[in-house]
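A closer look at the structure
Listed here are the chains, written in short residue letters.
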Amino acid sequence: MAAKKSSSKFRFIEATPFKQREWINNVLVGNPGVDCNPLKANKRFFAVPWTMPGTAAVVPVNQVGAIDEESVKLIVNPEQSALLDFAFDPFDDNVLATSCQDGNAYLWRWDENASSHNETPLAELVGHEKRLLFVDFHPKVRGVVLTIDAGKVAKLWDVANGARQLQQLPSEHKGLVSSAAWNHTGSLLVTTCKDKQLRVIDPRANKVVASVLDHTGVKSSRVVWCGKLDRIFTAGFTKSPINRVLHLWDPRNMDKFVCEQSLDQASSLMLPTFDEDTSVMYLNSKGEGLIRFLEIGESSIDILGKYQSGDPASGVAVIPKTEMDVTKCEIYRQLKLTPKGQVIPIKFTVPRQESTFFQEDLYPETWDRKPLGDAESWFQGADGKHNYISLEPQE
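Predicted, not measured: the structure shown is a model, and the values here were computed from it. (Residues numbered from 1 in each chain as written. Predicted model: local features only at pLDDT ≥ 70, side-chain atom pairs only at ≥ 80, totals over all residues. Heavy atoms only, no water.)

Counted according to the given criterion, the structure contains 16 salt bridges. Taking the shortest distance from any N to any O, the salt bridge between D158 and R164 comes out at 3.3 Å. For D158, a relative accessible area of 0% corresponds to the buried category. A residue is classified by how much of its surface remains accessible, and R164, at 40% relative accessible area, is partly exposed. For the salt bridge of R352 with D361, the shortest nitrogen-to-oxygen distance reads 2.8 Å. Among the residues examined, D361 registers a relative accessible area of 37% and is labelled partly exposed. Overlapping salt bridges bring together R244, D264, E288 and R292 as one network. (Salt bridge = Lys/Arg side-chain N within 4 Å of Asp/Glu carboxyl O. Buried < 20%, exposed > 50% of the residue type's maximum accessible area, 1.4 Å probe, protein only.)

A word on the nonpolar core. Counting residues in each nonpolar core, the largest one holds 22 residues, and the members touching the most others are F10, I13, Y282, F293, I331, F348 and Y363. Contacts of Y363, omitting those with residues within four sequence positions, involve D325, V326, C329, E330, I331, F358 and L391. Among the nonpolar cores identified, the runner-up in size contains 19 residues, and V59, I67, M324 and L337 belong to it. (Core = buried A, V, L, I, M, F, W, Y, C linked by side-chain atoms within 4.5 Å. Contact = heavy atoms within 4.5 Å.)

Using the criterion set out here, one finds 1 cavity of 30 Å³ or more in the structure. In this structure, the largest cavity encloses a volume near 110 Å³. As for the largest cavity, its lining consists of 15 residues, and the residues nearest its centre are C193, K196, H215, K219 and S221. Secondary-structure elements contributing two or more residues to the lining of the largest cavity are β19 (189-193) and β20 (197-202). Residues that form the lining of the largest cavity fall into these classes: 4 nonpolar, 7 polar and 4 charged. (1 Å grid on protein atoms, 1.4 Å probe; cavity = no way out; pocket = protein on both sides within 12 Å on 5 of 7 lines; lining within 4 Å. Points joined across faces, edges and corners; volume = space filled by probe spheres on them. Helix = DSSP H or I, 4+ residues; strand = E, 2+ residues; numbered from the N terminus. Nonpolar A, V, L, I, M, F, W, Y, C, P; charged D, E, K, R; others polar.)

Below is the structure:
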């Protein structure tokens, strides 16, 4: 099924970068892993791999102007081992995980009032034999970290109880893993891989529950599990000629994708981010200033519109929904990192003639971002329940 023009209320999305005086400049980014998105953020900070080998900078999102490279405080990996990936703890704004060339991952607590660099990690995750290409926190469960190395070995860790290994996942990947995502409940994991297979994994049962051929091109693909909609979205490439293609999968029946959409013949790596409250996908690409807006349905990818900028993206990060200015009909916000070392906030709004009252149809209740459980209860099989809150301002 091909994509179609949408009649959705979100078809009039407008993207507006903040004024230039509100940008952050002189962000000196180093060289992380090839498939790493070099910008991560939460509601208080953003982080980038710094130009000094083995370091990361954590910067308040409300800072403006140029970063002073002489006074910026850094996280410094042991032996300054090259940083390949990193991630914020979704339940603690001041905790960051890094993965390194030495095969180890490290947890760090960030003190914004620190007077010197942070060279002492909270914990070390030791157990991989190859360089560590991927690290991320479980998005729904407190204290669980996923790591994947260049030897295709994937591990789960309990970092709330001594950084102990919970599980080594099935050794099914025949190539480097390029991305991973969790389903809405946090019970299943999906990965894309250089062997061109899309895999759905049940980590607690330690088995692959589905494996299918997805994008056939040699360049890396990306995967997003689309929240409550329970669809798997992939963005990748065909083999010859090289076309960028989107697929939508139903995880209950992985025999064939339910929707395919060909985009263009560009070769830039796509960086999709998803708003599960509105089912809108924001499709950025490395080296491009174009952002496409797509509405995801159960078996459809509907074109909403696009935003074109002269500032190409090196990386993108998303600010939590609870930080939106609902009085201005802001439904989404990204930070965009550019090759010039700028971090540009971009707000996405739906224009309304009357915006003095809360636009309830634009703001379904949203998850309160509190964990559904901890590592111990989750690994024993418990799936917690989401608590949803209204974004309507309280008088």
